[in-house]
Amino acid sequence: MKGTFLIAFFETLKQKVGQEKFQEILNHAGYKEEPIIFAISDVDDEIFFKILHSTSKVLDIPLHQITEAFSDYWIHEYTQKVYKKVYQLYDSLKDFLLDLNWVHEMTTKNLLHPTPPKFEYQWENDHTLLITYKSKRNLIDMVMSHIKAAAKHYNEKINLQKIQDNVIRVEFLK
Ligand code: HEM
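As the structure is a computational prediction, the values presented were derived from the model and not from experiment.

Another aspect to go through is the overall build of the protein chain. A tally of regular secondary structure across the protein chain gives seven helices and four strands. For the protein chain, the α and β elements follow one another from N to C terminus as α-α-α-α-α-α-β-β-α-β-β. Over its C-alpha atoms the protein chain spans a radius of gyration of 16 Å, differing by no more than 12% from the 16 Å that the globule rule assigns to 174 residues. By principal-axis analysis of the C-alpha atoms, the protein chain measures approximately 50 × 35 × 25 Å. In the protein chain, which comprises 174 residues, the share counted as buried stands at 21%. Of all intrachain contacts in the protein chain linking residues separated by at least 6 positions in sequence, the fraction that spans at least 24 positions is 60%.

Let's shift gears to the sheet that holds strand β3 (residues 158-164). Two orientations exist for strands paired in a sheet by backbone hydrogen bonds: parallel and antiparallel. Taken together, four strands build an open sheet; the order of strands is β1-β2-β4-β3 and the sheet is antiparallel. For this open sheet the edge positions go to β1 (118-125) and β3, each flanked by a neighbour on one side alone. The sheet shows a mean angle of 25 degrees between the axes of neighbouring strands, direction not considered. When β1 meets strand β2 (residues 128-134), the two strands line up antiparallel, connected through seven bridges. Within the sheet, the bridge partner assigned to Tyr 121 lies in β2 and is Ile 131. Contacts from helix α7 (residues 140-153) reach β2, β3 and β4 (167-172), with the element oriented near 170 degrees to β3.

Taking every second residue as pointing to the same face, the buried face of β2 carries Leu 129, Ile 131 and Tyr 133, while none of Thr 128, Leu 130, Thr 132 and Lys 134 on the other face is buried. Between the antiparallel neighbours β1 and β2 lie two residues. For β2 and β4, the ladder comprises five bridges, and the chain directions are antiparallel. Its bridge partner lying in β4, Thr 128 is registered against Glu 171.

Counting 28 residues, the largest nonpolar core has Leu 97, Ile 131, Val 143, Ile 147, Ala 150, Ile 168 and Val 170 as the members making the most contacts within it. The residues that make up this core include at least three from each of domain 1 (3-61) and domain 2 (92-172). Excluding residues within four positions of it along the chain, Ile 168 makes contact with Ile 131, Tyr 133, Val 143, Met 144, Ile 147, Leu 160, Gln 161 and Lys 162.

Right, let's get into the domain arrangement of the protein chain. What the domain assignment lists for the protein chain is domain 1 (3-61) and domain 2 (92-172). Its C-alpha centre places domain 1 at a distance of 24 Å from the equivalent point of domain 2.

Moving on: the site of the ligand. The local shell around the ligand holds 23 residues, among which Lys 2, Tyr 83, Pro 117, Ser 135 and His 146 are the closest. Among the secondary structure elements, those contributing two or more residues to the shell around the ligand are α1 (3-28), α6 (100-108) and α7. When the residues that make up the shell around the ligand are grouped by side-chain class, the tally is 13 nonpolar, eight polar and two charged.

To continue, consider the environment of Ile 47. Here Ile 47 shows up in helix α2 (residues 45-59). Judged by local crowding, Ile 47 falls into the partly exposed class, with 18 C-beta atoms found within 10 Å. Considering only alpha carbons, one finds Ile 47 and Asp 165, 118 residues apart in sequence, at a separation of 24 Å. When neighbours within four sequence positions are excluded, Ile 47 is seen to be in contact with Leu 6 and Pro 35.

Parameters and conventions
- Residues numbered from 1 in each chain as written.
- Predicted model: local features only at pLDDT ≥ 70, side-chain atom pairs only at ≥ 80, totals over all residues.
- Helix = DSSP H or I, 4+ residues; strand = E, 2+ residues; numbered from the N terminus.
- Rg over C-alpha atoms; globule rule 2.2 N^0.38 Å.
- Buried ≥ 20, exposed ≤ 12 C-beta atoms within 10 Å, placed from the backbone.
- Contact = placed C-beta atoms within 7 Å.
- Pairing = 2+ DSSP bridges.
- Axes fitted to C-alpha atoms, helices over the stretch in contact; angles between N-to-C directions.
- Core = buried A, V, L, I, M, F, W, Y, C linked by C-beta atoms within 7 Å.
- Domains from an automatic or database assignment.
- Near = placed C-beta within 6 Å.
- Nonpolar A, V, L, I, M, F, W, Y, C, P; charged D, E, K, R; others polar.

As structure tokens, then:
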């Protein structure tokens, strides 16, 4: 998993719960200190998952609440700084969502063995898109909250529904 993703995740936690609680989360996950991570490195997925689950335990909140906070930070703050130009390539949420494979291939291409998430698309009707999420990381709740945040970025209204373990229905309302 690309280091940039972990860096943004740590920043979300520090911003939301403060340095002291973040340290408690790290300790509970088995780390004495914050792991040193470089944005362009390939980082073991396990670091992310250990800290994700530790956050849920220490704060006593469900995983989806954590991924929602992360999505808001990732879409509205982190990628606006680091990958600002990507958003300018698309005029609408629909065009952005339909190009997520390219966005992820492009942002992970420096890794030796990239394993970005993959997305498949099927139109249910002219304003309803089914998105199938394919990744061994199984972060479908994060896909939901990222899409929700991206809709806010493009100032669009949508209905979102998880219809299978890895399939999301997006209804564009405008
Ligand atoms: C609605 C928008 C988005 C969705 C649904 C989405 C979904 C995801 C998910 C679920 C992951 C976790 C890894 C996995 O599941 O295998 C991920 C990772 C990642 N995303 Fe996104 N993403 C979105 C937007 C973006 C944007 C705008 C960027 C950057 C321009 C980005 C760059 C990345 C990177 C670099 C990773 C780490 C991937 C790796 O190391 O394999 N994503 N994304």
